[in-house]
Amino acid sequence: MADEEDETGFEEELDEGCSGVDVCHGRRKRLFSKELRCMMYGFGDDQNPYTESVDILEDLVIEFITEMTHKAMSIGRQGRVQVEDIVFLIRKDPRKFARVKDLLTMNEELKRARKAFDEANYGS
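As a starting point, this report considers the structure included with it. Since the model is a prediction, treat every value here as computed from it, not as a measurement.

Going through the model one piece at a time under the given rule, you end up with zero aromatic pairs. Over the aromatic face of Phe88 sits the side chain of Arg91, whose NZ or CZ is 3.9 Å from the ring centroid.

Right, dumping it as structure tokens:
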């Protein structure tokens, strides 16, 4: 009987917190499950990892993104996230900082290559 009360209370808490991405009844739309499964496989997990493992990892990813977004919104221009804000937040983590720097550099190179390609094909 005590177990039933605990379970009922937990379900009520989930139902009360339904908003945004939540779909109520403790179920949430999974945004990254396909990508996370592929990443887990790439890092040595089974080709079809346990759904619970993927769900936990996705919860962590969403929590990280949410926290970083809130922090980024509180610095720089209020209520707006800019690339510089994210770089500022991760500046003390060398691995993340290096990765972001690489990705930003690659993004600029791709933009230049696309522009050159478009000018070569459609330019005068």
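If charged atoms from side chains of opposite charge come close, those side chains can pair. If you walk through the whole model with that rule in mind, you get five salt bridges. Between Asp55 and Arg30 there is a salt bridge, with the nearest N and O atoms lying 3.4 Å from each other. Here Asp55 is found in helix α3 (residues 51–74), whereas its partner Arg30 is found in the loop between α1 (2–16) and α2 (33–42), with 25 residues between them in sequence. Here the residues in one salt-bridge network are Arg30, Asp55, Glu58 and Asp59, joined through shared partners.

Turning to α3, a few remarks are in order. Counted at 1.5 Å a residue, the expected span for α3 with its 24 residues is 34 Å, and the 35 Å between its end C-alpha atoms agrees. For α3, the complete set of buried residues consists of Val54, Asp55, Glu58, Ile62, Met68 and Ala72. Buried residues along α3 sit against α2 and α4 (83–90).

Turning next to the layout of surface pockets. Rolled over the atoms, a probe sized like a water molecule indicates the empty space that remains. Quantified by volume, the largest pocket comes out at close to 820 Å³. For the lining of the largest pocket, the secondary structure elements donating two or more residues are α2, α3, α4 and α5 (94–122). Broken down by element, the lining of the largest pocket gets its largest block of residues, seven residues, from α3. Residue classes in the lining of the largest pocket are distributed as 15 nonpolar, one polar and four charged. A domain split of the lining of the largest pocket shows at least three residues from each of domain 1 (29–78) and domain 2 (91–123).

The rules we used
- Residues take numbers from 1 onward in each chain, read along the sequence in its written order.
- Residues qualify for local features only when their pLDDT is at least 70, as the model is predicted, and side-chain atom pairs are given and counted only at 80 or more; totals for whole chains, interfaces and linings, by contrast, use all residues.
- Side-chain measures were taken over the full set of non-hydrogen atoms in the model, leaving aside hydrogen atoms and water.
- In summary, the pairing rule links any two rings of Phe, Tyr or Trp, Trp by its six-membered ring, whose centres are within 6.5 Å, and it sorts them by plane angle into stacked for under 30 degrees, edge-to-face for over 60 and tilted for everything else.
- Charge-over-ring contacts are defined here by two conditions on Lys NZ or Arg CZ: a distance within 6 Å of the ring centre and an angle within 35 degrees of the ring normal.
- We define a salt bridge as a contact between a side-chain nitrogen of Lys or Arg and a carboxyl oxygen of Asp or Glu at a distance within 4 Å.
- Only DSSP runs of H or I covering at least 4 residues are called helices, and only runs of E covering at least 2 are called strands; the numbering of each starts at the N terminus.
- The span you would expect from a helix comes to 1.5 Å times its residue count less one.
- For every residue, the accessible area obtained with a 1.4 Å probe (protein chains only) is divided by the maximum for its type, and the residue is called buried under 20%, exposed over 50%, and partly exposed between those limits.
- Residue contacts are counted whenever heavy atoms from the two residues lie within 4.5 Å of one another.
- Note on definitions: the grid is 1 Å and covers protein atoms alone; a cavity is a set of points where a 1.4 Å probe fits but cannot get out; a pocket is an open set with protein on both sides within 12 Å along at least five of seven lines; lining residues have an atom within 4 Å of a point.
- Grid points are joined across faces, edges and corners, and a volume is the space filled by probe spheres set on the points.
- Residue type decides the class: Asp, Glu, Lys and Arg count as charged, Ala, Val, Leu, Ile, Met, Phe, Trp, Tyr, Cys and Pro as nonpolar, and the leftover types, Gly among them, as polar.
- Where each domain begins and ends follows an automated or database-derived domain assignment.

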